[in-house]
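Single-letter residue listing:
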Protein chains: 2
Amino acid sequence: MRTGYQDIKADILDKIRQNLWPPGAYLPGEIELAQSYGCARATVNRAMRDLVDDGVLERKRKAGTRVKAVASQNARFAIPLVREEIEATGATYRYALVERQTRAAPGWLRARVQLDADTQVLELRCMHFADNQPFQLEDRWINLDTIPDARHQSFEAISPNEWLVREVPFSKADLSFAAINATPEMSDFLGAAPQDAVFMAERSTWMDHRNVTHARLYFHRGYRMMAQF
Amino acid sequence: MRTGYQDIKADILDKIRQNLWPPGAYLPGEIELAQSYGCARATVNRAMRDLVDDGVLERKRKAGTRVKAVASQNARFAIPLVREEIEATGATYRYALVERQTRAAPGWLRARVQLDADTQVLELRCMHFADNQPFQLEDRWINLDTIPDARHQSFEAISPNEWLVREVPFSKADLSFAAINATPEMSDFLGAAPQDAVFMAERSTWMDHRNVTHARLYFHRGYRMMAQF
DNA sequence: TAGTGGTCTAGACCACCCC
DNA sequence: GGGTGGTCTAGACCACTAA
């Protein structure tokens, strides 16, 4: 059997685990490794690039490849549509629009995502239910300068989340997560007790350096976000 | 200038944004694209594999390549050592061991990470400070069957986090995040008010299918975890 | 400036899996 | 069965950067 890039990855990881190549140590160059594995340089290259992607190795031209001194590995997680997240558990999804208004962008939002003073936004509040239990409360602001079409969307049948995914197929986003205490209003919507700890995700979405939308997602009591690496 | 794989990625993303290739649509095959870009098939292949990795495309042999119907993109975030996270902000890091004992693994932990009934664990409680302000409270259980050397480590000068990174250079991990209300004990350690919302990260680390350690990390009030995609 | 990784090519064989 | 993507090769040139 031939030596593939996955075999090489596994072998490198083995050597790291066995402390043959401790953190910070330099690995042999690609050419040398290719010879010892009996394969082409490109195959070694692919294996090592993969390991950089996984956060295991560091590479610099001329300097060489070394085991990352601190194994600050990269975790990945998928960000699905709320609907898909709910349906994946086998529960029935229901969406409801709570509030909708067009207004000038509030100051905190203008500062957060760098909007002009006169930018109009569509402000939405929605609820997402799983088997009729509150799952997520969504506060969202859509930049009407960037997405003027949103002005004519009622968002009564389709959630802004899904609509935007269709309208803006690809974009960049910043994400952050935090724990906050429920306000009385949030408690009402989420069926939580006053002061309950709420998991919040905040997301800004961008397209070509222009802000598309900003959202604050408040999850039901006990929600857990999972990731792996 | 030659057409590189990054140019091809950019071009594909452009076409998706312009809705020339809407979600669910099939792209031309690699050979056809290679001809139209005037480059080798391997170059197109690399670009498209990258986009699969980014969560933009889906590929199946024989079927072809299509734009992911739902853009459930992959977010990535790095998980650094607490010390590095703190020092990156310019603050001074301080570590303190609060408690240390060897005991049989508690039932919830045995169930969580599949341990035998008689497994011994080293139970640790530590504090991490940023400029002498409480930053993180860490509850940790180290599996002594897997990592017997931990038994002889005092963990008074070095945090289990850093020690384990050195001892177990590479491993797999599960991660989850949640918001919880502070217990009185947590409030004491973190300087939080009773019932304050606390951001919690829980992590299990594995090596060759054997559990290495389990940790619960409680962050200071107002902590935000950031990610991008 | 010399050595290392980054990328590309043209061709090849193969595994998978939809039709 | 046949078309698609997955992978590998042997060679080449290039870009970056540490020494």
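Residues numbered from 1 in each chain as written. Chains lettered and ligands numbered in written order. Predicted model: local features only at pLDDT ≥ 70, side-chain atom pairs only at ≥ 80, totals over all residues. Heavy atoms only, no water.

### Remarks on the overall build of chain A
Scanning chain A from terminus to terminus reveals seven helices and 10 strands. Its C-alpha atoms give chain A a radius of gyration of 24 Å, more than 25% over the compact-globule value 17 Å for 229 residues. With the principal axes as the frame, chain A shows a C-alpha extent of 65 × 40 × 30 Å. Relative to its full complement of 229 residues, chain A shows a buried share of 49%. A total accessible area of about 11,400 Å² is found for chain A, and carbon and sulfur atoms account for 47% of it. Charged side chains in chain A number 30 positive and 30 negative. The centres of these two groups are separated by 7 Å. (Helix = DSSP H or I, 4+ residues; strand = E, 2+ residues; numbered from the N terminus. Rg over C-alpha atoms; globule rule 2.2 N^0.38 Å. Buried < 20%, exposed > 50% of the residue type's maximum accessible area, 1.4 Å probe, protein only. Areas by Shrake-Rupley, 256 points an atom, 1.4 Å probe, with all protein chains shown as cover. Lys, Arg positive; Asp, Glu negative; His and termini not counted. Charge placed at Lys NZ, Arg CZ, Asp CG, Glu CD.)

### Looking at the pairing of strand β9 (residues 210-219) of chain B
Each regular strand shows side chains that alternate between the opposite faces of the sheet. All names here are of chain B. Most of β9 sits inside the fold, with eight of its 10 residues counted as buried. Taken together, the seven bridges between strand β6 (residues 133-143) and β9 define a ladder with antiparallel strand orientation. Counted as the bridge partner of Ile142 is Thr213 from β9. Bridge analysis of strand β8 (residues 197-207) against β9 gives eight bridges, and the strand direction is antiparallel. By the bridge assignment, Ser204 is partnered in β9 with His214. In textbook terms, the turn of a hairpin is the stretch between consecutive antiparallel strands, and for β8 and β9 this stretch comprises two residues, one of which, Asp208, has a positive phi near 50°. (Pairing = 2+ DSSP bridges.)

### Details of unusual backbone geometry
All names here are of chain B. In this structure, Phe155 is a non-glycine residue whose phi angle is positive, near 60°. Relative to the assigned elements, Phe155 resides in the loop between β6 and α6 (160-167). The exposure class assigned to Phe155 is buried, which follows from its relative accessible area of 0%. In the Ramachandran plot, Gln195 falls in the positive-phi region, its phi being about 70° despite a non-glycine side chain. The residue Gln195 is located in the loop between α7 (184-190) and β8 in this model.

### Overview of the pattern of salt bridges
Applying the stated criterion across every chain yields a total of 32 salt bridges over all chains. Of the charged contacts in the structure, one is a salt bridge between A:Glu30 and A:Arg41, with a shortest N-O distance of 2.7 Å. Of this pair, A:Glu30 sits in helix α2 (residues 30-37) while A:Arg41 sits in helix α3 (residues 41-53), and the two are 11 residues apart along the sequence. Judged by its relative accessible area of 11%, A:Glu30 is buried. Through salt bridges that share partners, A:Arg112, A:Glu202, A:Arg216 and B:Arg224 make up one connected network. (Salt bridge = Lys/Arg side-chain N within 4 Å of Asp/Glu carboxyl O.)

### Regarding the environment of B:Glu87
You can see B:Glu87 is positioned in helix α4 (residues 82-87). Spatially, the C-alpha atoms of B:Glu87 and B:Ala130 are 8.1 Å apart, while their sequence positions differ by 43 residues.

### Concerning the interface of chain A and chain B
Tallying the contact residues gives 53 residues for chain A and 53 residues for chain B. Remark: the boundary between chain A and chain B carries two salt bridges. A:Arg224 is paired through a salt bridge with B:Glu202; the nearest N and O atoms lie 2.8 Å apart. In this assembly, chain A and chain B are joined by 10 residue pairs in polar contact (both at pLDDT 80 or more). Sorting the residues of the side of chain A that touches chain B by element identifies α1 (5-17), α3, β3 (74-78), β7 (172-181), β8 (197-207) and β10 (224-228) of chain A as the ones contributing at least two each. (Contact = heavy atoms within 4.5 Å. Polar contact = N/O pair within 3.5 Å; in protein donor to acceptor, adjacent residues only side chain to side chain.)

### A closer look at the protein's contact with DNA strand D
Every one of the 24 residues lining DNA strand D counts as a neighbour, but A:Gly4, A:Tyr5, A:Thr43, B:Arg41 and B:Arg59 are closest to it. A share of 64% of the atoms of DNA strand D within 4 Å of the protein falls on sugar and phosphate groups. In the environment of DNA strand D, a phosphate oxygen lies 3.1 Å from a nitrogen or oxygen atom belonging to the side chain of A:Arg46. At 3.2 Å, a side-chain N or O of B:Thr65 approaches a phosphate oxygen of DNA strand D. For the surface near DNA strand D, the elements supplying multiple residues, two or more each, are α1 and α3 of chain A together with α3 (41-53), β1 (57-60) and β2 (64-67) of chain B. Tallied by class, residues from the surface near DNA strand D come to five nonpolar, seven polar and 12 charged. (Near = heavy atom within 4 Å. Nonpolar A, V, L, I, M, F, W, Y, C, P; charged D, E, K, R; others polar.)

### Quick look at the packing of aromatic side chains
All names here are of chain A. By the definition in use, this model includes 17 aromatic pairs over all chains. Their ring planes at 80° and their centres at 6.0 Å tell us that Phe135 and Tyr223 sit as a pair that is edge-to-face. You can see Phe135 sitting in strand β6 (residues 133-143) and its partner Tyr223 sitting in the loop between β9 (210-219) and β10, a full 88 residues away along the chain. Judged by its relative accessible area of 10%, Phe135 is buried. Tyr223 sits in the buried class, given a relative accessible area of 9%. Ring geometry for Phe199 versus Tyr223: centroids 5.7 Å apart, planes at 50°, classification tilted. In this pair, Phe199 is assigned in strand β8 and Tyr223 in the loop between β9 and β10, connecting sequence segments 24 residues apart. In terms of burial, Phe199 and Tyr223 fall into one category: buried. (Phe/Tyr/Trp six-rings, centres within 6.5 Å; stacked < 30°, edge-to-face > 60°.)

### Some details on the relation of the copies chain A and chain B
Superposing chain A onto chain B requires a rotation of 180° together with a translation of 0.0 Å along the rotation axis, leaving an RMSD of 0.1 Å. Look at the turn and shift together and you get a two-fold axis relating the two. A high fraction, 100%, of the interface residues of chain A reappear at the interface in chain B, so the copies pair face to face through one surface. (Least-squares fit on C-alpha atoms with pLDDT ≥ 70 in both.)

### Focus: the domain arrangement of chain A
In terms of domain boundaries, chain A breaks down into domain 1 (5-67) and domain 2 (82-219). The centre of domain 1 of chain A, based on its C-alpha atoms, is set 43 Å off from the matching centre of domain 2 of chain A. (Domains from an automatic or database assignment.)

### Observations concerning the environment of B:Thr92
Residue and element names in this part refer to chain B. Here Thr92 shows up in the loop between α4 and β4 (93-104). For the pair Thr92 and Val56, spaced 36 residues apart in the sequence, the C-alpha separation amounts to 41 Å. Once residues lying within four places of it in the same chain are set aside, the contact partners of Thr92 are Ile86, Phe129, Ala130 and Asp131.

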